[in-house]
Amino acid sequence: FESLGLDAGGMSLYLKAGPDGESVGDCPFAQYVRMVLEEKGLEYNVVPAVQATKPQWLIEFYEGKMPALRHRDECYVESEVIATYLDYFFQEPGLTVKKGAKEAEEAVDGFFPSVAKYLKHTPDGDEVDTELKEGLAASLGRLEAHLTKEGRTGPFLVGDGEKVALQDCALAPKLYHMTVGLKMFKDNALDVAKDFPTVQKYIDTMFARESFAKSTYPEETVAWGWGNARGK
Ligand SMILES: N[C@@H](CCC(=O)N[C@@H](CS)C(=O)NCC(=O)O)C(=O)O
């Protein structure tokens with residue numbers, strides 16, 4: 001059945017390419033989907049693309065959106081839609097934790113926008129920069145409070161924290177961007193390990209997972225992406 005081609009029964013994930021147009025780019029939403037695929041031990045092709053190399057069907061029928069998951073004849077866009085689909089279609093191991101989902105989502109609400117606003121801002125260290133840094137610190141404070149709530153027994157985001165869930169796969173790539181961005185652009189103006197120790201532990205736990213290691217990209221790629229957003 002080789003003649004059915006690359007996608008026969010399999011999956012291809014189209015995602016933002018890196019600086020060379022061919023390597024895996026700096027998209028945290030694409031890494032979210034990849035972490036879900038890896039947690040489930042699924043095989044898939046990674047297809048980094050730029051506008052000029054996107055397949056015509058992706059541009060015509062899906063507005064060229066990426067990440068885009070092609071599974072047999074179907075295609076899905078929007079990382080949350082793709083992740084939910086994968087968890088429904090490939091049930092083991094399940095990554096949906098219902099109890100405490102609302103609290104977990106509230107705890108991370110606004111987190112990535114606060115990272116993005118801060119990292120994008122120049123010049124570094126001016127008054128607005130300080131405000132944006134405090135905004136990110138407030139987001140981290142909410143996450144720290146959530147992770148240290150009484151009755152939690154495990155390290156993960158949802159419910160008692162015993163089971164890795166979709167929300168963890170979504171959050172870890174965003175924390176990676178924060179960590180690299182703080183280091184590369186903001187001279188580590190926030191000391192996460194000191195001021196948000198449970199968030200730091202969470203970062204260490206998630207970054208140590210095989211699903212993270214297999215789906216990550218170099219720090220330079222993260223810096224390249226934000227460098228573009230900073231108008232350099
Ligand atoms: N809401 C979308 C956001 C995806 C997104 O922002 N993708 C960006 C990179 S982070 C991208 O692929 N840009 C390149 C392009 O669209 O060609 C999702 O969750 O999937």
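Use the structure listed above.
What you are looking at is a predicted structure, and each value in this text was computed from that prediction instead of being measured.

**Q** How should the overall build of the protein chain be read in this particular structure?
**A** Looking only at helices and strands, the protein chain has 11 helices and 4 strands in total. A compact globule built from 232 residues would reach a C-alpha radius of gyration of about 17 Å, and the protein chain, at 18 Å, matches this within 12%. For the C-alpha atoms alone, the extent of the protein chain along its principal axes is close to 60 × 45 × 25 Å. Burial statistics for the protein chain: of 232 residues in total, 48% are counted as buried. In the structure as shown, the protein chain presents an accessible area of about 11800 Å², 53% of it carried by carbon and sulfur atoms. Taking the 26 positively charged and 38 negatively charged side chains of the protein chain as two groups, their mean positions are separated by 2 Å.

**Q** Teacher, can you tell me more about the pairing of strand β2 (residues 45-49) here?
**A** Strand residues, when the strand is regular, have side chains that alternate between the two faces of the sheet. For strand β1 (residues 11-16) and β2, the ladder comprises 5 bridges, and the chain directions are parallel. Bridge assignment links Tyr14 to a residue of β2, and that residue is Val47. As a crossover connection, the stretch from β1 through helix α1 (residues 28-39) into β2 is right-handed.

**Q** Any chance you could explain empty space enclosed by the protein here in plain terms?
**A** Rolled over the atoms, a probe with the dimensions of a water molecule shows which regions are left empty. A complete count under the given rule lists 1 cavity of 30 Å³ or more for this structure. Of the pockets and cavities examined, the largest cavity occupies roughly 50 Å³. For the largest cavity, the full set of lining residues is Leu15, Lys16, Val24, Gly25, Asp26, Cys27, Ala30, Gln31, Arg34, Ser215 and Tyr217. Only β1 and α1 provide two or more residues apiece to the lining of the largest cavity. For the lining of the largest cavity, the element with the highest residue contribution is α1, accounting for 3 residues.

**Q** Please explain the state of the cysteines as it appears in this structure.
**A** By definition, a disulfide links two cysteine residues through a covalent bond between their sulfur atoms. Under the defined criterion, the tally for this structure stands at 0 disulfides. Its sulfur unpaired, Cys169 is 15 Å from the next cysteine sulfur, which belongs to Cys27.

Definitions and limits used
- Starting from 1, residues in each chain are numbered consecutively following that chain's sequence as written.
- Thresholds applied to this predicted model are a pLDDT of at least 70 for local features of residues and 80 or more for the giving and counting of side-chain atom pairs; totals over whole chains, interfaces and linings are not thresholded and use all residues.
- Hydrogens and waters are ignored; side-chain quantities use all the structure's heavy atoms.
- Helix and strand assignments follow DSSP, with helices taken as H or I runs no shorter than four residues and strands as E runs no shorter than two, numbered in order from the N terminus.
- The atom set for the radius of gyration is the C-alpha atoms, and the globule formula is 2.2 Å times the number of residues raised to the power 0.38.
- Note on exposure labels: buried denotes an accessible area under 20% of the residue type's maximum, exposed denotes more than 50%, and partly exposed covers the range between, all computed with a 1.4 Å probe on protein chains only.
- Values of accessible area rely on a 1.4 Å probe in the Shrake-Rupley scheme; residue burial ignores everything except the protein chains shown.
- His is not counted here, nor are the chain ends, while Lys and Arg score as positive and Asp and Glu score as negative.
- Where a charge sits is defined by one atom per residue type, namely NZ (Lys), CZ (Arg), CG (Asp) or CD (Glu).
- Only when DSSP finds a minimum of two bridges between them are two strands counted as paired.
- Whether a crossover is right-handed depends on one test, that the path from the first strand over the helix to the second runs clockwise when the strands point away from the viewer.
- Cavities and pockets were defined on a 1 Å grid built from protein atoms only: a cavity is a group of points that admits a 1.4 Å probe but offers it no way out, a pocket is an open group of points flanked by protein on both sides within 12 Å along at least five of seven lines, and a lining residue is one with an atom within 4 Å of any such point.
- Grid points are joined across faces, edges and corners, and a volume is the space filled by probe spheres set on the points.
- The disulfide criterion is simple: two cysteine sulfur atoms within 2.5 Å.

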